[in-house]
Amino acid sequence: MENMSAVISLLQTIAGICFLAAIGFIMYKNMKKGSKESVMALEVVPAAQKNTKLIDFSQVAGNEDAKNKVCDIVDYIKNPDKYNKYGARIPRGVIFYGPPGTGKTMLAKAVAGEAGVDFYAVTGSDFVQMYVGVGAMRIRQLFKKVRQSGKAVVFIDEIDAIGKKRSNANTSGNDERDQTLNALLTEMSGFDDTDGVVIIAATNRIDILDEALTRTGRFDRHVEIGLPNVNQRKKIIDIHFKGKPVSDDVNFDELAKQTIFFSGAMLEGLINEAAILAAKQKSEFIENKHVEESYYTMIAGSPADKSIVKRKDMYITACHEAGHAVITRIVLPENEISKITVIPSSNGSGGFVLSIPPDKMYYTKKDIEGMIMSAYAGRAAEEVIFGKDCVTTGAQNDIQKAASIIKDYIFKYGMFDEFGLIGSEYEKDGLIYLKKVSYNLYNKTVEIVKNNKEVILSVANELIEKETIYSGRLDEIMNNMV
Ligand code: ADP
Ligand code: ZN
């Protein structure tokens, strides 16, 4: 018995060793295969080849601004010589920035489609590998391919994976990324202006990109692709319902209104989900009940959820932005207000007013005071409309902005008489002056808001309705009121 158990235990040990060896062998093989694969994956497959059907601009709904901004690029790819003859330099690198699902990839593909050239699509994270040098090698291989195909559009999604700002604390240990980024920049500068090659990179946040990337001559055209407003959503909805059997009881306008803060991708998802529901139920058409069910599934837990439920937030945003817009028109009449919107922008604000200051060398004391009041106008509108105790955190950035202008107003430009022309803030009472100026100008802003409350409310109501108002319309509303 003793012997027997010794034999068994020996056998067990052998079996164990064999088992381990087998596992080891499999792991080894996989590792080899893995590393081989990651090297082989360098093969960048063009997402579409010349003459295969790419999309064109008509399939990208809304986004008219962005399309206009890339029109000349399409023309340049088609006729580089035309521009070259005049010594015009067309951006070789373009950055599309904005929230996910807004059609950045689509638009890049459409640029290639409109120009009728090859389209290569890669993702930034494909180039950031554990091993130093692999990313750079992949970049070189990609561009070798691109060169072979002649004119082309190269699309790099998630460029931040390669081109994020270097934080000072972390200068070392990023060799791989630096090498990859350098390889990309080198390859880009290797093209001639007559080559007709354009590189489009996409990111959700442009502010985190390394300056080495965004500098003149590199990715120097920046095109924002934001969330669609109600009109644009209607167009996207139209496109995605096209060709589907949809019942008359689905109201596209209503759906567009309900889907504030939805991206194009979310709209596409919503419609697709409704179609699946209809198919499952063997319904003849996609009916409103399918759309509604899909809508509620989609907004549950999504970022759109919070804001859709809280219509009140939207009203606050609308009043705040209307305040900025109307007051800016009054205190900075030379500014061009090109857009007012309650759709959040990529910098995280609830809504915004796009106001372009006049192009001049000097600003007067009145201008600077106007800038401060214009920044305060959002908060002032909240105070006048909702009451002193109901002002919100929405003015955080405005307050910071105003404070920094006030600082310059007093200490740099010598525009506050009580402080004088000392041109420095060493004075220990600096804060007292800051407070005084801030207090005076804020109160002045509140007064102007009070006198224009009606017009601010009409702008706010129109914002709720249309979400975005463009330049001329603000003047129309303001002129109608007087
Ligand atoms: P991004 O690159 O900005 O993340 P994509 O271009 O990948 O977004 O869009 C994902 C999908 O969303 C598209 O394939 C399309 O179905 C839909 N989509 C997004 N924006 C639009 C738009 N403007 N018009 C039509 N469809 C859109
Ligand atoms: Zn504001």
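Structure: see above.
Residues numbered from 1 in each chain as written. Chains lettered and ligands numbered in written order. Predicted model: local features only at pLDDT ≥ 70, side-chain atom pairs only at ≥ 80, totals over all residues. Heavy atoms only, no water.

1. Digging into the pattern of salt bridges
Note that side chains of opposite charge can pair when their charged atoms are close.
At step 1: In total, this model carries 18 salt bridges according to the counting rule given.
At step 2: Lys82 is paired through a salt bridge with Asp75; the nearest N and O atoms lie 2.6 Å apart.
At step 3: Of the charged contacts in the structure, one is a salt bridge between Lys360 and Glu334, with a shortest N-O distance of 2.7 Å. Placement of Lys360 in the loop between strand E7 (352-356) and helix H15 (365-386) and of Glu334 in the loop between helix H14 (311-331) and strand E6 (336-341) is noted, with a sequence separation of 26 residues between them.
At step 4: The class of Lys360 is partly exposed, set by a relative accessible area of 28%. (Salt bridge = Lys/Arg side-chain N within 4 Å of Asp/Glu carboxyl O. Helix = DSSP H or I, 4+ residues; strand = E, 2+ residues; numbered from the N terminus. Buried < 20%, exposed > 50% of the residue type's maximum accessible area, 1.4 Å probe, protein only.)

2. Description of the layout of surface pockets
At step 1: In this structure, the second largest pocket occupies an estimated 360 Å³ of space.
At step 2: Lining the second largest pocket are 24 residues, and of these Gly101, Thr102, Gly103, Lys104 and Ala265 lie nearest its centre.
At step 3: Every element with two or more residues in the lining of the second largest pocket is listed here: helix H4 (104-115), strand E3 (152-157), strand E4 (197-203), helix H9 (230-241) and helix H11 (264-280).
At step 4: In the lining of the second largest pocket, the residues fall into 9 nonpolar, 10 polar and 5 charged. (1 Å grid on protein atoms, 1.4 Å probe; cavity = no way out; pocket = protein on both sides within 12 Å on 5 of 7 lines; lining within 4 Å. Points joined across faces, edges and corners; volume = space filled by probe spheres on them. Nonpolar A, V, L, I, M, F, W, Y, C, P; charged D, E, K, R; others polar.)

3. Quick look at unusual backbone geometry
At step 1: Phi is positive for Asn63, close to 45 degrees, though the residue is something other than glycine.
At step 2: Counting through the fold element by element, Asn63 comes out in the loop between helix H1 (2-40) and helix H2 (64-78).
At step 3: Assessed through its relative accessible area of 12%, Asn63 is described here as buried.
At step 4: If you check the backbone angles, Glu467 has positive phi at about 70 degrees while not being a glycine.
At step 5: Since its relative accessible area comes to 2%, Glu467 is described here as buried.

4. Notes on the coordination of the zinc ion (ligand 2)
At step 1: Ligation of the zinc ion (ligand 2) by protein atoms is provided by His320 (NE2), His324 (NE2) and Asp398 (OD), these donors lying 2.0 to 2.1 Å from the ion.
At step 2: We note that the donor set of the zinc ion (ligand 2) lies within a single chain, spaced as H-x3-H-x73-D. You can see His320 and its partner His324 sitting in helix H14, 4 residues apart, about one turn around the helix.
At step 3: When its relative accessible area of 5% is taken as the criterion, His320 is described as buried. (Donors = N, O, S within 2.8 Å, 3.2 Å for Na, K, Ca; no water.)

5. Some points on the packing of H15 against helix H16 (residues 396-412)
At step 1: Between H15 and H16, the shortest axis-to-axis distance is 9 Å and the interhelical angle comes to 160 degrees. Classed by the angle they form, the pair H15 and H16 counts as roughly antiparallel. Of the two possible hands of crossing, H15 and H16 adopt the one that is left-handed. In this structure, H15 uses Lys365, Ile368, Glu369, Met371, Ile372, Ala375, Tyr376 and Arg379 to contact H16, whose residues at the interface are Asp398, Ile399, Ala402, Ile405, Ile406 and Tyr409.
At step 2: Of the residues that constitute the contact of H15 with H16, the class distribution is 10 nonpolar, no polar and 4 charged. (Axes fitted to C-alpha atoms, helices over the stretch in contact; angles between N-to-C directions. Parallel < 35°, antiparallel > 145°, perpendicular 65-115°, else oblique. Left-handed = near helix turned anticlockwise from the far one by under 90°. Contact = heavy atoms within 4.5 Å.)

6. Section: the sheet that holds strand E2 (residues 118-123)
At step 1: Spatially, 5 strands are ordered E2-E3-E4-E1-E5 in an open sheet, and the strand pairing comes out parallel. The sheet is open, and its two edges are formed by E2 and strand E5 (219-224), each paired on a single side. On average, each strand axis in the sheet is inclined to that of its neighbour by 20 degrees, with strand direction left out of account.
At step 2: Relative to E3, E2 runs parallel, the two sharing 6 bridges. Its bridge partner being in E3, Asp118 is matched across the sheet by Ala152.
At step 3: Contacts between H4 and the sheet are confined to strand E1 (93-97), E2, E3 and E4, with E3 contributing the most and set at about 170 degrees to the helix.
At step 4: Packed on one face of the sheet, helix H5 (residues 134-149) meets E2, E3 and E4 and runs near 170 degrees to E2. (Pairing = 2+ DSSP bridges.)

7. Overview of the sheet that holds E7
At step 1: Ordered by their spatial adjacency, 3 strands build an open sheet running E7-E6-E8, and the pairing between neighbours is antiparallel. Edge positions in the open sheet fall to E7 and strand E8 (468-470), since each of these has one partner strand only. When strand polarity is set aside, the average angle formed by the axes of neighbouring strands in this sheet is 15 degrees.
At step 2: Of the strands in this sheet, E6 and E8 are in contact with helix H18 (residues 453-466), which crosses E8 at around 115 degrees.
At step 3: Relative to the sheet, helix H19 (residues 471-481) contacts E6 and E8, its axis offset from that of E8 by approximately 85 degrees.

8. Re the packing of aromatic side chains
At step 1: For the structure shown, the criterion picks out 11 aromatic pairs.
At step 2: Each ring, one from Phe241 and one from Phe252, has its centre 4.8 Å from the other, and the planes form 10 degrees; the classification is stacked. One end of the pair, Phe241, is in helix H9; the other, Phe252, is in helix H10 (residues 252-258), with 11 residues separating them in the sequence.
At step 3: Aromatic pair Tyr315 and Phe386: ring centres 5.9 Å apart, planes at 85 degrees, arrangement edge-to-face. In this pair, Tyr315 is assigned in helix H14 and Phe386 in helix H15, connecting sequence segments 71 residues apart.
At step 4: Through a chain of ring-to-ring contacts, three or more aromatic side chains come together here, namely Phe411, Phe416, Phe419 and Tyr433.
At step 5: In this structure, Arg147 is placed above the aromatic ring of Phe191, and the distance from its NZ or CZ to the ring centre is 4.4 Å. (Phe/Tyr/Trp six-rings, centres within 6.5 Å; stacked < 30°, edge-to-face > 60°. Lys NZ or Arg CZ within 6 Å of the ring centre and 35° of its normal.)

9. Description of the side chain of Thr102
At step 1: Along the chain, the position of Thr102 falls in the loop between E1 and H4.
At step 2: What makes Thr102 buried here is its relative accessible area of 7%.
At step 3: Among the polar contacts listed, one links the side chain of Thr102 to the side chain of Lys104, at a separation of 3.3 Å.
At step 4: Apart from residues no more than four positions distant in its own chain, Thr102 is found in contact with Asn63, Ile225, Gly226, Leu227 and Ser263. (Polar contact = N/O pair within 3.5 Å; in protein donor to acceptor, adjacent residues only side chain to side chain.)

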